[in-house]
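A closer look at the structure
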Amino acid sequence: MADHKNKKPPTTRRTSLYRLTDDGDPDLRSLIRPRYLDQEGFQARPVHQGPLRGLLVTGTTAPGPADWCQALADLTGLAVNEENHTAFGLLIVRTEKHVYALGHGMGHLMIEPARIDPGFGIHFAVRCLEKDRVTKVRRQIMDARGRSDENSVTSGEHIRGFGIEEFGEIVSHIAGKVRGISLTYTGGDATGAHITGNDRSVKLHLGRTPEDLMNDLLAVEEVCERDDPLPEFDFITQVRPLESVSDLVRHLDARLDEMLGVGGPGRIGLAVPSECREGFDSAETFRVRIARHTRTISELDAQALLGPVASCAPGERLETLRKGKVQMFAGSDAEEVISGNVSAGRWLTAELTEDGVHYFLWQGKWYEVGAEYLATVKRRVTELLARPSRVTLPPWPKGEDEGPYNKKRAAAQAGYVLLDKKNVHTARLNGGGWEVCDLLGPDGQLIHIKKAPSGTAPLNHLFAQARMCVETLEYDTEARRKFIEKLDEIAPAHPARDFREPTVVLGILLKDGEPVTPDSLFSFAQISLLHTDNVLKGLGARLEVVSIGR
């Protein structure tokens with residue numbers, strides 16, 4: 001006889017659960033996008049069923065022939081007129097403490113986006129997941145690359161097994177087994193339930209009777225009311241993205257609009273969008289179109305974007321910036337295009353504090369960052385910057401470019417070798433080849449030099465160079481051999497030839513030659529620096545930072 005002991009109870013259904021912000025309006029229709037309430041074929045009906053009080057909205061759309069019909073008709077010469085039918089189902093339920101929405105089909109699209117609590121899914125998950133039974137994690141890297149990673153394990157694994165960095169990564173999706181929750185599905189904890197939490201909702205099995213559903217919602221509320229996440233998940237909650245359409249984001253946008261009217265950078269800086277990262281290093285010309293004005297410039301900085309909007313009317317500056325475009329070109333004649341027209345708003349990063357809470361704009365999206373997280377970042381960055389270095393870098397005169405500074409000043413010191421523009425070429429590193437670093441120090445230090453007058457863009461470029469340098473020396477045998485051959489050619493007397501555990505030095509000139517400190521670096525630059533340090537440690541390298549003065 002088959003063993004039905006662990007068969008899932010038929011009294012539940014896997015459902016997407018959203019928590020909505022409640023403004024006290026007794027009319028739950030205010031939580032629905034108006035066009036669905038008015039659309040033909042949709043209906044909104046009040047619900048009074050046992051303990052359940054709420055609103056049910058359902059409907060079906062048939063938007064016309066499927067988009068593949070014409071393609072098949074063109075190929076076969078036969079008429080194809082099949083239609084897609086899309087069903088929408090949304091149940092809104094009010095408890096004594098919150099309002100929830102249960103989405104079925106495409107029902108979640110009917111929710112007014114500004115009313116979705118963006119922190120609910122992750123908030124719930126990190127308070128009940130079993131640390132050893134995590135099955136999927138999706139995270140985004142908070143640096144110039146804007147990379148997203150997703151990893152899954154069928155049977156579940158410890159959260160630390162997914163290799164999430166303590167700093168510089170945002171977890172936007174996490175799934176796994178939970179226990180200790182009195183859900184209908186678990187039958188009183190007899191079986192662990194599988195849930196998925198993301199930055200908008202929770203997907204889990206909920207009861208199919210009014211009584212069971214209300215009990216399940218109360219069980220979810222009990223978990224969410226726990227003071228702190230489980231210790232193993234605490235780091236996940238320190239950075240969270242904000243819903244793009246919400247009252248808070250509108251307020252932050254308004255404050256940023258005020259900052260844009262000041263006319264100076266303040267805590268606003270340049271940051272390269274992920275879609276422009278690859279071509280930014282080779283860009284020689286930038287075309288900036290903002291507020292009906294077009295400029296073609298050889299060096300892009302924050303002021304090139306802030307200046308045109310400073311004189312706009314209050315409330316119009318940020319929108320004008322977002323409508324503006326920045327395009328990159330390879331040559332000085334602005335003819336060889338290497339990027340599309342990207343919103344000028346995505347080229348800026350900003351920092352704001354509101355009632356003691358810290359918010360950051362990055363790649364056009366707002367994030368909330370916990371004060372404890374920032375304090376820990378600052379402490380770690382302070383420790384990193386305090387590492388002693390035997391590398392000395394002379395003052396950098398105003399008006400001098402990086403190439404002359406490296407050649408005439410830094411490399412003129414005894415024991416230093418100029419490697420700027422002395423590229424290594426291999427079958428893989430074709431084209432322009434690979435610039436290992438700008439200078440080689442007296443003890444074989446791999447030195448990278450960068451002028452960073454404003455923002456995070458030059459620093460993110462610098463950090464990426466450092467990572468690529470060590471990764472290439474570690475994993476590309478031919479590149480390492482060609483690098484040593486290059487040294488034999490230009491500096492045969494230099495003793496350094498073993499780069500298995502290298503020291504990487506970042507020489508940084510900030511605006512007016514101020515020292516590199518946690519206070520002089522944007523928070524995202526600090527986070528990216530720590531992430532770079534962690535990557536280099538994993539490769540057996542040591543990272544040092546040296547400030548360059550004027």
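Here's a quick rundown of the structure. Keep in mind it's a predicted model, so treat the numbers as computed, not measured.

Reading guide: rules and limits
- Residues numbered from 1 in each chain as written.
- Predicted model: local features only at pLDDT ≥ 70, side-chain atom pairs only at ≥ 80, totals over all residues.
- Heavy atoms only, no water.
- Helix = DSSP H or I, 4+ residues; strand = E, 2+ residues; numbered from the N terminus.
- Contact = heavy atoms within 4.5 Å.
- Areas by Shrake-Rupley, 256 points an atom, 1.4 Å probe, with all protein chains shown as cover.
- Lys, Arg positive; Asp, Glu negative; His and termini not counted.
- Charge placed at Lys NZ, Arg CZ, Asp CG, Glu CD.
- Buried < 20%, exposed > 50% of the residue type's maximum accessible area, 1.4 Å probe, protein only.
- Pairing = 2+ DSSP bridges.
- Axes fitted to C-alpha atoms, helices over the stretch in contact; angles between N-to-C directions.
- Parallel < 35°, antiparallel > 145°, perpendicular 65-115°, else oblique.
- Left-handed = near helix turned anticlockwise from the far one by under 90°.
- Nonpolar A, V, L, I, M, F, W, Y, C, P; charged D, E, K, R; others polar.
- Phe/Tyr/Trp six-rings, centres within 6.5 Å; stacked < 30°, edge-to-face > 60°.
- Core = buried A, V, L, I, M, F, W, Y, C linked by side-chain atoms within 4.5 Å.
- Polar contact = N/O pair within 3.5 Å; in protein donor to acceptor, adjacent residues only side chain to side chain.
- Expected span 1.5 Å × (residues − 1).
- Patch = residues over 30% accessible without salt bridge, like charges linked within 9 Å, V, L, I, M, F, W, Y side chains within 5 Å.
- Salt bridge = Lys/Arg side-chain N within 4 Å of Asp/Glu carboxyl O.

**Quick notes on the overall build of the protein chain**
- In terms of regular secondary structure, the protein chain is built from 13 helices and 24 strands.
- Intrachain contacts of the protein chain at a sequence separation of at least 6 include 68% that bridge at least 24 residues.
- Carbon and sulfur atoms make up 48% of the accessible area of the protein chain, which totals about 25,800 Å².
- Of note, the protein chain has its 69 positive side-chain charges centred 1 Å away from the centre of its 78 negative side-chain charges.

**With respect to the pairing of strand E15 (residues 325-329)**
- Buried residues dominate E15, accounting for four of its five residues.
- As defined by bridge partners, strand E13 (residues 285-290) adjoins E15 across five bridges and the pair is classed as antiparallel. Bridged to phenylalanine 286 within E15 is methionine 328.

**Structural notes on the packing of helix H9 (residues 371-385) against helix H13 (residues 523-538)**
- Following both chains from N to C, one finds H9 and H13 inclined at 60°, their axes separated by 10 Å at the closest point. With respect to their mutual orientation, H9 and H13 come out oblique. As H9 runs across H13, the sense of the crossing is left-handed. Contact residues: Tyr373, Leu374, Val377, Lys378, Arg380, Val381, Leu384 and Leu385 in H9; Ser523, Gln526, Ile527, Leu529, Leu530, Asp533 and Asn534 in H13.
- In the contact of H9 with H13, the residues fall into nine nonpolar, three polar and three charged.

**A few points about the packing of aromatic side chains**
- Counted according to the given criterion, the structure contains 10 aromatic pairs.
- With 4.3 Å between their ring centres and 5° between their planes, tryptophan 396 and tyrosine 405 make a pair best called stacked. Here the two residues tryptophan 396 and tyrosine 405 agree in accessibility, since each one is buried.
- Through successive ring pairs, a cluster of aromatic residues spans Tyr36, Phe42 and Phe88.

**Considering the nonpolar core**
- The biggest cluster of nonpolar side chains holds 40 residues, and the ones touching the most others in it are Leu17, Phe124, Ile159, Ile174 and Ile236.
- Secondary-structure elements contributing two or more residues to this core are strand E4 (86-94), strand E5 (99-105), helix H3 (120-125), strand E6 (129-141), strand E8 (169-178), strand E9 (193-198), strand E10 (202-207) and helix H4 (210-224).
- In terms of residue count, H4 provides more of this core than any other element does, seven residues in total.
- Sequence-distant contacts of leucine 17, that is, excluding residues within four places in its chain, are made with Tyr100, Ala101, Leu102, Phe120, Ser201, Val202, Leu204, Leu206, Leu217 and Val220.

**A look at the environment of proline 495**
- Within the element layout of this structure, proline 495 appears in the loop between helix H12 (477-490) and strand E23 (503-510).
- With 80 residues separating them in the primary sequence, proline 495 and glycine 415 have C-alpha atoms 9.6 Å apart.

**Overview of the sheet that holds strand E24 (residues 542-547)**
- Here we have five strands laid out as an open sheet, ordered E20-E21-E22-E23-E24, and mixed in their pairing. Two strands close off the open sheet at either side, each with one partner strand: strand E20 (417-418) and E24.
- Where helix H10 (residues 402-410) meets the sheet, it contacts E20, strand E21 (439-440) and strand E22 (446-452), and its direction lies at approximately 130° from that of E22.

**Some words on the side chain of glutamine 327**
- Its place among the elements puts glutamine 327 in strand E15.
- For glutamine 327, a relative accessible area of 11% gives the class buried.
- Only 3.1 Å separates the side chain of glutamine 327 from the backbone oxygen of serine 339, close enough to count as a polar contact.
- In this view, glutamine 327 contacts Thr285, Phe286, Arg287, Arg289, Val337, Ser339, Gly340 and Asn341; residues no more than four positions away in its chain are not counted.

**Quick look at H13**
- If you check H13, its first and last C-alpha atoms are 23 Å apart, about what 16 residues at 1.5 Å a residue would give, namely 22 Å.
- Taking burial as the measure, the 16 residues of H13 include 13 buried ones, the bulk of the element.
- Two residues or fewer past H13, glycine 540 is found with a positive phi of approximately 80°.

**Regarding the sheet that holds E13**
- Taken together, four strands build an open sheet; the order of strands is E14-E13-E15-E16 and the sheet is antiparallel. Only two strands of the sheet have a single neighbouring strand rather than two, namely strand E14 (293-297) and strand E16 (342-343).
- In this sheet, E14 lies alongside E13 in antiparallel orientation, the contact comprising five bridges. Note on E14: the bridge partner recorded for isoleucine 290 is histidine 293.
- Most of the contacts of helix H7 (residues 302-310) go to E13, to which it runs at about 20°, and overall it touches E13, E14 and E15.

**Some thoughts on a nonpolar patch on the surface**
- Taken together, the side chains of Trp68, Leu72 and Leu75 present a nonpolar region at the surface, about 330 Å² in accessible area.
- By the secondary structure assignment, leucine 72 is in helix H2 (residues 69-76).
- For leucine 72, a relative accessible area of 37% corresponds to the partly exposed category.

**Side note on the pattern of salt bridges**
- A full pass over the atoms with the stated rule returns 23 salt bridges.
- Aspartate 257 is the salt-bridge partner of arginine 317, the closest N and O atoms lying 3.5 Å from each other. Pair noted here: arginine 317 is in helix H8 (residues 317-323) and aspartate 257 is in helix H5 (residues 247-260), with a separation of 60 residues, a long-range link. Both residues of the pair, arginine 317 and aspartate 257, count as buried.
- Several salt bridges converge on common partners, so that one network encompasses Arg387, Asp533 and Lys537.

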